[in-house]
Amino acid sequence: MGKIKLVNLNSYTSPTIEISQNKDYVTYGEQNSYFQYLIDRYTGSPTNNAIINGVSQMVYGKGLDATDSNKSPDEYAQMISLLTGDCVRKLAYDLKLMGQCAIQVAYNRDHTKVLKVGHIPVETLAMEVCDTEDGEIKGFYYCADWSDKKPNEDLPRIPAWGTSKEKIEILYIRPYVAGHYYFSPVDYQGGLQYAELEEEISNYHLNNIMQGLAPSMLINFNNGVPNEEERANIENSIKQKFQGSSNAGKFILSFNENAETASSITPVQLSDAHNQYQFLSDESMKKIMVAHRVVSPMLLGIKDNSGLGNNAEELKTASTLMDNVVIRPIQELLLAAFDEILAFNGIALDLYFRTLQ
């Protein structure tokens, strides 16, 4: 009676990159949860999704090749059998989406030759605590689903590349980033908040259509206040009739002793709301593209209102710049790892990725 209740609205806290460490291994966030955060931003933001798909496809292009394949046909055939297109494509995707990727390398019994190379999802791996003597990471711990890991569960340990004589090793690929010893942040780290903002804007509009985030009507019953069960039955009956995607918006139900004590509602409207939402949507898209260093959105199938990319010459220039600034650094990380694997088998080829152009 006569009291005002203050409702505290939710506040946003930016997620931080945290390293969780126990006695044996280090995870990317609690239970490797930061990898799942990256996946959620990929699936929820249409702009982020399109750019990651486009860049990873451009990195892979038409697959691996070698400039000297005609001079060394036997070595080239061995390379093709080891580094399959499916494996390389997944590695390029992980390296862009997660900021790192992992190769599972299988040796023969004598540990003198690499027999098979495969992709292993990087989110399933935790790094072993680095060696205190040389500072190297000499192993990884595997768990198919870290969120479902039991507290005392023993995890299989897989040694790192070149640190053992076991049949299986992990070659972990990641760029150097100052201040990050174990895991490398993604190259679009600064755009993750805008990816989440874009996701929440779409959720807001969808919820407004599906069930309504703001009340659209006030229904007064001025013939007394029924008991709690009767009020619930009346509310459910009205919901079934008025709510749904065709009747967007919630309603407020008020029970009063008489018309004189009827409830009143004062709407709180956001002025120029459609322009504000459009600004947030456009700003999110621009900032996500800046974070990914997209030279021209047209290269990734994203059409905008800028002049760049509206003619063939500008698009060609943008493609060359995108290839040099964004695509090749990722390709070079992969090629360096592939060269190490092939060199173990005594194979020396001048590898490159065939482009899509």
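Note that the structure is a prediction, hence the values are computed from the model and not measured. (Residues numbered from 1 in each chain as written. Predicted model: local features only at pLDDT ≥ 70, side-chain atom pairs only at ≥ 80, totals over all residues. Heavy atoms only, no water.)

J.: Before we move on, can you summarise the overall build of the protein with the specific residues and values?
T.: Within the protein, the regular secondary structure consists of eight helices and 12 strands. Counting over 357 residues, the protein shows a buried share of 38%. If you take every contact in the protein between residues at least 6 apart in sequence, the share linking residues at least 24 apart comes to 66%. (Helix = DSSP H or I, 4+ residues; strand = E, 2+ residues; numbered from the N terminus. Buried < 20%, exposed > 50% of the residue type's maximum accessible area, 1.4 Å probe, protein only. Contact = heavy atoms within 4.5 Å.)

J.: For the environment of Ala318, give the residues involved together with the corresponding values.
T.: Examined against the element boundaries, Ala318 turns out to sit in helix H8 (residues 312–344). The exposure class assigned to Ala318 is buried, which follows from its relative accessible area of 3%. Along the primary structure Ala318 and Met298 are separated by 20 residues, whereas in three dimensions their C-alpha atoms are 9.2 Å apart. Residues in contact with Ala318, not counting those within four places in the same chain, are Val295, Ser296 and Leu299.

J.: Quick rundown of the packing of aromatic side chains? Include the residues and the values.
T.: Per the stated rule, a full pass over the model turns up 13 aromatic pairs. Judged by centre distance (5.0 Å) and plane angle (65°), the ring pair of Tyr28 and Phe35 falls under edge-to-face. Take Tyr28: its relative accessible area is 0%, and that puts it in the buried class. On the accessibility criterion, Phe35 (0% relative accessible area) is buried. Ring plane angle 15° and centroid distance 5.2 Å describe the contact between Phe140 and Tyr172, whose orientation is recorded as stacked. One end of the pair, Phe140, is in strand E7 (residues 139–142); the other, Tyr172, is in strand E9 (residues 168–173), and 32 residues separate them in sequence. Like Phe140, the residue Tyr172 is buried in the burial classification. Put simply, the rings of Tyr28, Tyr34, Phe35, Tyr37 and Phe183 touch in pairs and so form one group of aromatic residues. The ring of Tyr60 carries Arg89 above its face, with NZ or CZ at 4.4 Å from the centroid. (Phe/Tyr/Trp six-rings, centres within 6.5 Å; stacked < 30°, edge-to-face > 60°. Lys NZ or Arg CZ within 6 Å of the ring centre and 35° of its normal.)

J.: So what's going on with a negative patch on the surface? Which residues, and what values?
T.: A cluster of acidic residues, Asp145, Asp148, Glu153 and Asp154, forms a negative patch at the surface. Mapped onto the elements, Asp148 comes out in the loop between E7 and strand E8 (157–159). (Patch = residues over 30% accessible without salt bridge, like charges linked within 9 Å, V, L, I, M, F, W, Y side chains within 5 Å. Areas by Shrake-Rupley, 256 points an atom, 1.4 Å probe, with all protein chains shown as cover. Salt bridge = Lys/Arg side-chain N within 4 Å of Asp/Glu carboxyl O. Lys, Arg positive; Asp, Glu negative; His and termini not counted. Charge placed at Lys NZ, Arg CZ, Asp CG, Glu CD.)

J.: Before we move on, could you go through the sheet that holds strand E5 (residues 114–120) and cite the residues and values that matter?
T.: In spatial order, the strands read E5-E4-E9; together these three strands make up an open sheet with antiparallel pairing. Either end of the sheet is taken by a strand with one partner, and the two such strands are E5 and E9. When the angles between neighbouring strand axes are averaged without regard to direction, this sheet yields 25°. Strand direction decides the pairing type here: strand E4 (residues 101–107) and E5, joined by six bridges, are antiparallel. Across the sheet, the residue bridging to Ile103 is His119, located in E5. (Pairing = 2+ DSSP bridges. Axes fitted to C-alpha atoms, helices over the stretch in contact; angles between N-to-C directions.)

J.: Can you explain the environment of Thr84? Please cite residues and give values.
T.: In this fold, Thr84 is placed in the loop between helix H3 (73–82) and helix H4 (85–98). Thr84 gets classed as partly exposed once you look at its relative accessible area, which sits at 33%.

J.: Could you give me a rundown of the pairing of E4, with the residues and numbers involved?
T.: Among the seven residues of E4, six are classified as buried, and the element is accordingly described as predominantly covered. Relative to E9, E4 runs antiparallel, the two sharing six bridges. Each residue of the ladder has a partner; that of Ile103, found in E9, is Leu171. Adjacent in sequence and paired antiparallel, E4 and E5 are bridged by six residues, among which His111 carries a positive phi angle near 60°.

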